[in-house]
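# Secondary and tertiary structure notes
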Amino acid sequence: MITIIHAENEWQRAGVHYVRTQAMIRGFGVRLDQEFDERDTPETKYILALDGRLPVGTCRLHILDGGRAKIERVCVLEEYRGKGVGRQVVAGAEEWLKSFGVNDVIITSRDEAVGFYEKLGYTADYANTDDSGVFKTIYTEKKI
């Protein structure tokens, strides 16, 4: 059974880093210094999905001004993809963001993952893309 938690303790944050390292660095070949950036601080808010004791999915929350926020660094271990873990991670993030007064969420999605976010109610803006990072990303947005 998957449990979604707010990763606020050091051991929980270690789980976040484990998933990101396995999914993004090992899985997609992202460099360590590209995956972990200036937004990863002791104050950063993360969602962590656990299968029992095993960390299997995560995302990072970045609260902006004006009731807006970004859900960033959404990732799930390869063997858990297609099993609803990503959906649960995003839903957990949206619920937590509501408690901060957020009503508009942005996700910059890898090009090939846009359909996943559209199924979750996000609207893709294919005119708003970015090729400057590791992946080509498409801007998606949702009112929560």
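In case you missed it, the structure is sitting above this.
Source: prediction; values computed, not measured.

Another point: the sheet that holds strand β1 (residues 2-6). If you trace the seven strands from one edge of the open sheet to the other, you get β1-β2-β3-β4-β5-β7-β6, paired in mixed fashion. Strand pairing shows two members of the sheet lacking a second neighbour, β1 and β6 (123-130), which therefore form its edges. Adjacent strand axes in the sheet meet at a mean angle of 25°, parallel and antiparallel pairs treated alike. Sheet analysis places strand β4 (residues 68-76) next to strand β5 (residues 104-110), joined by three bridges and oriented parallel. Bridge pairing links A69 to V105 in β5.

The next point concerns helix α1 (residues 10-28). In this model, α1 (19 residues) spans 25 Å end to end at C-alpha, consistent with the 27 Å of a helix rising 1.5 Å per residue. The sharpest bend along α1 comes to roughly 30°, located at T21. On its buried face, α1 sits against β1, α2 (32-35), β2 (45-51), β3 (54-63) and β4.

To continue, consider unusual backbone geometry. The phi torsion at R73 lies on the positive side, around 55°, for a residue other than glycine. If you trace the backbone, R73 turns up in strand β4. The class for R73 is partly exposed, based on a relative accessible area of 26%.

Before going further, it helps to examine the pairing of strand β7 (residues 137-143). Among the seven residues that make up β7, five are buried, leaving the element largely enclosed by the rest of the structure. Sheet topology places β5 next to β7; seven bridges connect them, and they run antiparallel. In the sheet register, R110 faces β7, and the bridge partner there is T137. In terms of strand pairing, β6 meets β7 through five bridges, oriented antiparallel. Among the inter-strand pairings, D130 is bridged to a residue of β7, identified as T137.

A word on the layout of surface pockets. Approximately 1,000 Å³ is the volume attributed to the largest pocket. Around the largest pocket sit 41 residues that line it, and M24, R73, V74, T108 and R110 are the ones nearest its centre. Sorting the residues of the lining of the largest pocket by element identifies α1, α2, β4, α3 (85-98), β5, α4 (114-119), β6 and β7 as the ones contributing at least two each. Tallying contributions element by element places β4 first for the lining of the largest pocket, with seven residues. Across the lining of the largest pocket, the residue classes tally to 17 nonpolar, eleven polar and 13 charged.

Turning our attention to the pattern of salt bridges. By the definition in use, this model includes 16 salt bridges. A salt bridge links E94 to K142; its shortest N-O distance comes to 3.2 Å. Residue E94 is found in helix α3, and its partner K142 is found in strand β7; the two are separated by 48 residues along the sequence. Take E94 and K142: they sit in the same class, and that class is buried. Ionic contacts of the salt-bridge type, sharing partners, join the residues R20, E35, D37, R39, D40, R60, K70, E72 and R73 into one network.

As a further point, take the nonpolar core. Within the largest apolar cluster, 34 residues are counted, with the highest numbers of intra-cluster contacts made by I71 and Y122. At the level of secondary structure, the elements contributing two or more residues to this core comprise α1, β2, β3, β4, α3 and β5. It is α3 that contributes the most residues to this core, six residues altogether. Not counting the four nearest positions on each side in its chain, Y122 is found in contact with I71, V90, E94, V105, I107, Y117, T140, E141 and K142.

Cut-offs and rules
- Residues numbered from 1 in each chain as written.
- Predicted model: local features only at pLDDT ≥ 70, side-chain atom pairs only at ≥ 80, totals over all residues.
- Heavy atoms only, no water.
- Pairing = 2+ DSSP bridges.
- Helix = DSSP H or I, 4+ residues; strand = E, 2+ residues; numbered from the N terminus.
- Axes fitted to C-alpha atoms, helices over the stretch in contact; angles between N-to-C directions.
- Expected span 1.5 Å × (residues − 1).
- Bend = angle between axes of the 7 residues up to and from the residue.
- Contact = heavy atoms within 4.5 Å.
- Buried < 20%, exposed > 50% of the residue type's maximum accessible area, 1.4 Å probe, protein only.
- 1 Å grid on protein atoms, 1.4 Å probe; cavity = no way out; pocket = protein on both sides within 12 Å on 5 of 7 lines; lining within 4 Å.
- Points joined across faces, edges and corners; volume = space filled by probe spheres on them.
- Nonpolar A, V, L, I, M, F, W, Y, C, P; charged D, E, K, R; others polar.
- Salt bridge = Lys/Arg side-chain N within 4 Å of Asp/Glu carboxyl O.
- Core = buried A, V, L, I, M, F, W, Y, C linked by side-chain atoms within 4.5 Å.

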